[in-house]
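Residue-level structural notes
Spelled out from the first residue to the last, the chains are:
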Amino acid sequence: MKKSLSLPPQCPDDLDRLQSYPLKLMQHQNEPTLQLVQKINHIIANNSATTLMLQEIARLLGNAFKVDCCCLVTVSASTAASESIAAHWCSDEYLAMPYPGQLFSTEHLLMDSPVVQCAAEPFTIEDISTIQDSLVVGGQHLQVPIRSVLAIPTRFAGQINGVISLIKFQQYDWSESEKQLLNFVESACAIAFSQVGQINLIASQQEHLQKSEQHQSLIKQLTILSRSNLELNQMLQLAISSTAESLQADRGLLILLKYKDPLFRAQTKKQVPKAKATVAAEWNRNVPSGTTSKSDVEPQSFLVSECSLCQRVFTDSGKAVVIEDYTDFQDMVTVASLFSVGLLPSLLLVPLENQGKVLGFIVLQQKTARSWQASELNLVEMVCAQMSNAIIQSQTLRQVQTLVDERTAKLQSSLELQAKLHEKTRQYVEQLRELNHLKDEFLSNMSDRLRYPLTNMQMSIKNLRLPGIQPERQARYMDILEQECTKEINLINDLLTLQKLESKQERPQFETIDLNTRVQALTTNLNSKLSAKALTINLDLPQDSLKIQTELESFNRILQELFTNACTYSEPETVINVRAYHQVEQLIDQVIIKVTNTGRGISEEEATYIFDRFRRGKGGRWTPGTGLGLALVKSLVQHLNGAIAVESTPIPNSEQSQVCFTLTLPQFSDESEL
């Protein structure tokens, strides 16, 4: 019976101990046996590739024991290196055996079956179970049924770390010498299995470390991303693409929820809400970066009530939902069509949660079944936490920005309103100042107009009282009294007429007059004024006498004022043109009278107020008058339902202008009722 003997793990002189161990323990063994161990040690020392090393040892043992096949399978109780590695060697005769299509079956590997023998003594149920499991792993690709097996589990540091299986495809009785030899090489093979296990463990730890670095890099990248100034949709797209690519998923979806009841809290109620789920970002491994996917053009959406997979997030208190293969659950779980579980049956769904409210989901899918590791689930949960905070921050900033924009708009509107009010107030104050100035000017002018005739009348009366006054001087003073009295009466009458016209107390009394005759008569009265400035008046009247229905008194006063104004402001030795004609405009009969003189031009600003009461053009400020003439003309024209306008046209190469007043009066028929 073989005594149990093991070497400490990772001992630096394991090979030396293995070489000296057979000499001390089994001195009765022959030299070929020791050479076999030395060859195994040589293979271990000169091979770094784990699979190649085990294959070389399997070839060496297969030839040494003259078996049909030798299989070496690693066994590990460590979760970090739980995947077994198998290496086998088969003889040349195996390749010529006529057993096509027949695969190895585990039905013959029963614990009490004579086909499987264990070289270790005493062997345990654990040894047989380990041997059977290793045969399933190592013999699954054999095309010939196994008839006889001699196997031994190898131990290193007190733990089983591998199995050596010698296989015969025919019935065979294993000799004691073969069992002793297999026991003898077990320690050397245990070191080989240990070295393979160590290499696998290191590789697994390096892979784990690399994944950890990738995960840390992902978290750092998402942290920087959440603090950037990118729009929410861009940030979500970058987040899901980085996460899915880092975890080597085939597809990633970031889905946001829109609740019909904004106050719904899934964690407290554990009820399925009335909410609409919309794909906010999507990444596919087969879609090149920068290519527009369907979700970019037309967002995909579904109702949460139509997807029991999403409902489980609410009924299971926000836990992640993992489905390794949807085909195993398709009768129990309904999934929205956009998940395409027919092509991507493996699915991981983790909720985006903030203060008990589910904001959406991160979904990762695979084409093949996948078992998610705890570290990967933790990583996705951390990503979800960061994305939830980013979404809440974005929504908060959007709400704050909206509030700021609204208040800014209101403030801007208020400032604009205040500016308009200020401008209107300024204009009103300016108008008041202008009116006050006009009032002062009017009062000053009116005082002069009133005082000057009264002064002349007073002086004439005093002179008439002088003793011994001559009759001719007495007659002259009487004429002065009459003239000045007439001026006063006319001025007062003009003021009363303006007041009466503005109050519209009377309607015009129309009558038919001969326009040619009235114009000629009124111009005849201007002879003295025309002679004083050497002016000439030119009449352009229709050959046929033009009849017009109007109020005679008002008509006479209008023309009289226009003619007087033309004489007053004409340059000496110029011509005053008076033109009258009939026209029909928009089915309305009209009589047009134009009075044109040559003199100082009227600016656009002056034209806006020249017809106002007590307003005079800049050129008339030093000309005698009250400023009531044109205002009276405008009021009388409006009284007759007509219109009055002024136009100033500069004369080329001259400082003078042609100033034209255009009078438009309606032409009523004799049958019209006035």
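Residues numbered from 1 in each chain as written. Predicted model: local features only at pLDDT ≥ 70, side-chain atom pairs only at ≥ 80, totals over all residues. Heavy atoms only, no water.

1. Considering the sheet that holds strand β16 (residues 588-599)
Across the sheet, which stays open at both edges, the 5 strands sit in the order β13-β15-β16-β18-β17 with mixed pairing between neighbours. The two strands at the open ends of the sheet, each matched to only one other strand, are β13 (536-540) and β17 (643-650). Adjacent strand axes in the sheet meet at a mean angle of 20 degrees, parallel and antiparallel pairs treated alike. Bridge analysis of strand β15 (residues 575-585) against β16 gives 9 bridges, and the strand direction is antiparallel. Looking at β16, one finds that N577 is bridged to T596. Each of β13, β15 and β16 is contacted by helix α13 (residues 515-524), which is oriented at about 180 degrees to β13, the strand it contacts most. (Pairing = 2+ DSSP bridges. Helix = DSSP H or I, 4+ residues; strand = E, 2+ residues; numbered from the N terminus. Axes fitted to C-alpha atoms, helices over the stretch in contact; angles between N-to-C directions. Contact = heavy atoms within 4.5 Å.)

2. Here we look at the side chain of S194
Along the chain, S194 turns up in helix α6 (residues 176-226). With residues up to four places along the chain from it excluded, the contact list for S194 reads F156 and N161.

3. As for the packing of helix α2 (residues 31-46) against helix α3 (residues 50-65)
With their axes 9 Å apart at the nearest point, α2 and α3 run at an angle of 165 degrees to one another. Judged by the angle between their axes, α2 and α3 are roughly antiparallel. Taken as a pair, α2 and α3 cross one another with a handedness that is right-handed. Two secondary-structure elements touch here, α2 through L36, K39, I40, I43 and I44 and α3 through M53, E56, I57, L60, L61 and A64. When grouped by side-chain class, the residues that make up the contact of α2 with α3 number 9 nonpolar, no polar and 2 charged. (Parallel < 35°, antiparallel > 145°, perpendicular 65-115°, else oblique. Left-handed = near helix turned anticlockwise from the far one by under 90°. Nonpolar A, V, L, I, M, F, W, Y, C, P; charged D, E, K, R; others polar.)

4. With respect to the environment of G599
Residue placement: G599 occurs in strand β16. Taking the C-alpha atoms as reference points, G599 and Q656, 57 residues apart in sequence, are found 5.3 Å from one another.

5. Notes on the sheet that holds strand β7 (residues 275-284)
On the basis of which strands lie adjacent, the open sheet formed by 6 strands has the order β8-β7-β6-β11-β10-β9 and antiparallel pairing. The open sheet has two edge strands with one neighbour each: β8 (301-303) and β9 (321-323). Within this sheet the neighbouring strands show an average axis-to-axis angle of 20 degrees, counted without direction. Here strand β6 (residues 251-259) runs beside β7; their pairing, made up of 9 bridges, is antiparallel. Bridge assignment links L256 to a residue of β7, and that residue is T278.

6. Examining the layout of surface pockets
In this structure, the second largest pocket occupies an estimated 600 Å³ of space. As for the second largest pocket, its lining consists of 21 residues, and the residues nearest its centre are L257, K258, L359, I391 and Q395. Taken together, the elements giving at least two residues each to the lining of the second largest pocket come down to α7 (232-246), β6, β7, β11 (357-366) and α11 (374-464). Per element, the largest residue contribution to the lining of the second largest pocket is 6 residues, and it comes from α11. When grouped by side-chain class, the residues that make up the lining of the second largest pocket number 9 nonpolar, 7 polar and 5 charged. (1 Å grid on protein atoms, 1.4 Å probe; cavity = no way out; pocket = protein on both sides within 12 Å on 5 of 7 lines; lining within 4 Å. Points joined across faces, edges and corners; volume = space filled by probe spheres on them.)

7. What to know about the nonpolar core
Within the largest apolar cluster, 57 residues are counted, with the highest numbers of intra-cluster contacts made by I40, I57, L61, L72, I167, L182 and V185. No other element matches the 11 residues that α6 contributes to this core. (Core = buried A, V, L, I, M, F, W, Y, C linked by side-chain atoms within 4.5 Å. Buried < 20%, exposed > 50% of the residue type's maximum accessible area, 1.4 Å probe, protein only.)

8. Section: helix α17 (residues 629-639)
Across the 11 residues that make up α17, a large majority, 8, are buried. For α17, every residue scored as buried is listed here: L630, A631, L632, V633, S635, L636, V637 and H639. Where α17 is buried, its residues meet α12 (471-503), α15 (552-569), β17 and β18 (657-666).

9. A few points about the packing of α12 against α17
Direction vectors running N to C along α12 and α17 enclose 40 degrees, while the axes themselves pass 10 Å from each other. With respect to α17, the element α12 is oriented oblique. In the packing of α12 onto α17, the handedness of the crossing is left-handed. Contacts between α12 and α17 involve D494, T497, L498 and L501 on the former and, on the latter, A631, L632, S635, L636 and H639. Of the residues that constitute the contact of α12 with α17, the class distribution is 5 nonpolar, 3 polar and 1 charged.

10. Points about unusual backbone geometry
In this structure, E573 is a non-glycine residue whose phi angle is positive, near 60 degrees. Tracing the sequence through the fold places E573 in the loop between α15 and β15. Of the residues examined, E573 reaches a relative accessible area of 66% and is grouped as exposed. Even without a glycine there, the phi angle at N653 is positive, about 60 degrees. Mapped onto the fold, N653 is located in the loop between β17 and β18. Its relative accessible area of 86% is what places N653 among the exposed residues.

11. As for the packing of aromatic side chains
What describes a pair of aromatic rings is the distance from one ring centre to the other and the angle between the planes of the rings. Counted under the stated rule, the structure contains 3 aromatic pairs. An angle of 90 degrees between the planes, with centres 6.1 Å apart, marks the rings of F611 and F661 as edge-to-face. Taken together, the residues F611 in the loop between α16 (604-609) and α17 and F661 in strand β18 connect sequence positions 50 residues apart. For F611, a relative accessible area of 10% gives the class buried. The cationic tip of K168 hangs over the ring face of Y172; the distance from NZ or CZ to the ring centre is 4.7 Å. (Phe/Tyr/Trp six-rings, centres within 6.5 Å; stacked < 30°, edge-to-face > 60°. Lys NZ or Arg CZ within 6 Å of the ring centre and 35° of its normal.)

12. So, a nonpolar patch on the surface
Taken together, the side chains of Y428, V429, L432 and L435 present a nonpolar region at the surface, about 370 Å² in accessible area. Looking at the secondary structure, you find Y428 in helix α11. (Patch = residues over 30% accessible without salt bridge, like charges linked within 9 Å, V, L, I, M, F, W, Y side chains within 5 Å. Areas by Shrake-Rupley, 256 points an atom, 1.4 Å probe, with all protein chains shown as cover. Salt bridge = Lys/Arg side-chain N within 4 Å of Asp/Glu carboxyl O.)

13. So, the environment of R285
Mapping R285 onto the fold places it in the loop between β7 and α9 (294-297). Along the backbone, R285 and E245 are 40 residues apart, and their C-alpha atoms lie at a distance of 7.6 Å. With near-sequence residues (within four places) excluded, R285 lies in contact with A244, Q248, A249 and D250. Polar side-chain contacts of R285 include one of 2.8 Å to the backbone oxygen of A249. (Polar contact = N/O pair within 3.5 Å; in protein donor to acceptor, adjacent residues only side chain to side chain.)

Read these as layout, nothing more, since geometry by itself doesn't imply function.
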